[in-house]
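What follows is each chain in one-letter form.
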Amino acid sequence: MSTPEFIVNLRARIGNEELWLPGVTAVVIRDVPPGSPFHVVPDVLLVRRVDTGEWTPPTGICDPGEQPDAGAVREVLEETGLHVSAEALLGVGAVGPVIYPNGDRCRFMDTAMRCVVVGESDAPFPADGENTEVGWFPISHMPVSNQRFRMVIADAVAQLKHPQGFAPRMGFEKRRR
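Definitions and cut-offs
Residues numbered from 1 in each chain as written. Predicted model: local features only at pLDDT ≥ 70, side-chain atom pairs only at ≥ 80, totals over all residues. Heavy atoms only, no water. Helix = DSSP H or I, 4+ residues; strand = E, 2+ residues; numbered from the N terminus. Rg over C-alpha atoms; globule rule 2.2 N^0.38 Å. Buried < 20%, exposed > 50% of the residue type's maximum accessible area, 1.4 Å probe, protein only. Contact = heavy atoms within 4.5 Å. Lys, Arg positive; Asp, Glu negative; His and termini not counted. Charge placed at Lys NZ, Arg CZ, Asp CG, Glu CD. Core = buried A, V, L, I, M, F, W, Y, C linked by side-chain atoms within 4.5 Å. Phe/Tyr/Trp six-rings, centres within 6.5 Å; stacked < 30°, edge-to-face > 60°. Lys NZ or Arg CZ within 6 Å of the ring centre and 35° of its normal.

Q: Can you break down the overall build of the chain residue by residue, with the values?
A: When you go through the chain residue by residue, the secondary structure sums to three helices and eight strands. In sequence order, the chain lays out its α and β elements as α-β-β-β-β-α-β-β-β-α-β. Since a compact globule built from 177 residues should have a radius of gyration of about 16 Å, the 16 Å found for the chain is in line with a globular shape. A principal-axis box enclosing the C-alpha atoms of the chain has dimensions of 55 × 40 × 30 Å. Counting across all 177 residues of the chain, residues that qualify as buried make up 41%. The long-range fraction of contacts in the chain, counting pairs at least 24 apart against all pairs at least 6 apart in sequence, stands at 68%. The chain carries 17 positive and 23 negative side-chain charges, and their two centres are separated by 9 Å.

Q: Could you give me a rundown of the nonpolar core, with the residues and numbers involved?
A: Core analysis: the biggest nonpolar cluster contains 25 residues, and Leu21, Val27, Val44, Leu46, Met142 and Ile153 have the highest contact counts within it. Of all elements in the fold, only strand E1 (19-30), strand E2 (43-49), strand E5 (84-99), strand E6 (105-117) and helix H3 (147-161) reach the threshold of two or more residues within this core. With six residues, H3 is the single largest residue contributor to this core. In this structure, Val24, Ala26, Val84 and Cys115 belong to the second largest nonpolar core, which totals 15 residues.

Q: Could you give me a rundown of the packing of aromatic side chains, with the residues and numbers involved?
A: Counted under the stated rule, the structure contains one aromatic pair. A ring pair is formed by Trp55 and Phe137, whose centres lie 4.9 Å apart and whose planes are at 70°; its orientation type is edge-to-face. A residue pair is termed long-range when its members are at least 10 positions apart, and Trp55 in strand E3 (residues 55-56) and Phe137 in strand E7 (residues 131-138) qualify at 82 residues. Judged by its relative accessible area of 10%, Trp55 is buried. Overall, the relative accessible area of 18% leaves Phe137 in the buried class. Lying across the ring of Trp136, Arg30 places its NZ or CZ 4.3 Å from the centre.

Given below as structure tokens:
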């Protein structure tokens, strides 16, 4: 599903005016099996967006009244066909402005979460029209160019490896100390 129905209804009333929306980024990490060689790194699930051609983690807009973790789980299922569980908060921050090709303008309050697959993880597929490809990539060779996404993917691995010492980001520009 591309644009949620509630956004379509709002756009019918306000046109291209800027919207402030709750967003989610689901960073799905597949860790290395125990006993793997030192050089083996975790994989991250990425989608290739139809609108920009960029590789990103699954992202989306929360439905009215939907909790961010439920939105992340839903978005991963809609975009990749995989069932996941949201395991950890990575950060919250403002993103944008985003201007779409049709002129619509948005800013997002994005909640980034680390997720894990529940069940089978080897056969994701582009389950909706938002993406052209889906795949697992070693974090050392991922085709992600957006700095914010690279940062939250690194945070997901850091949180997975050292959960007691991890502090979620407050804003996506810099690391909280």
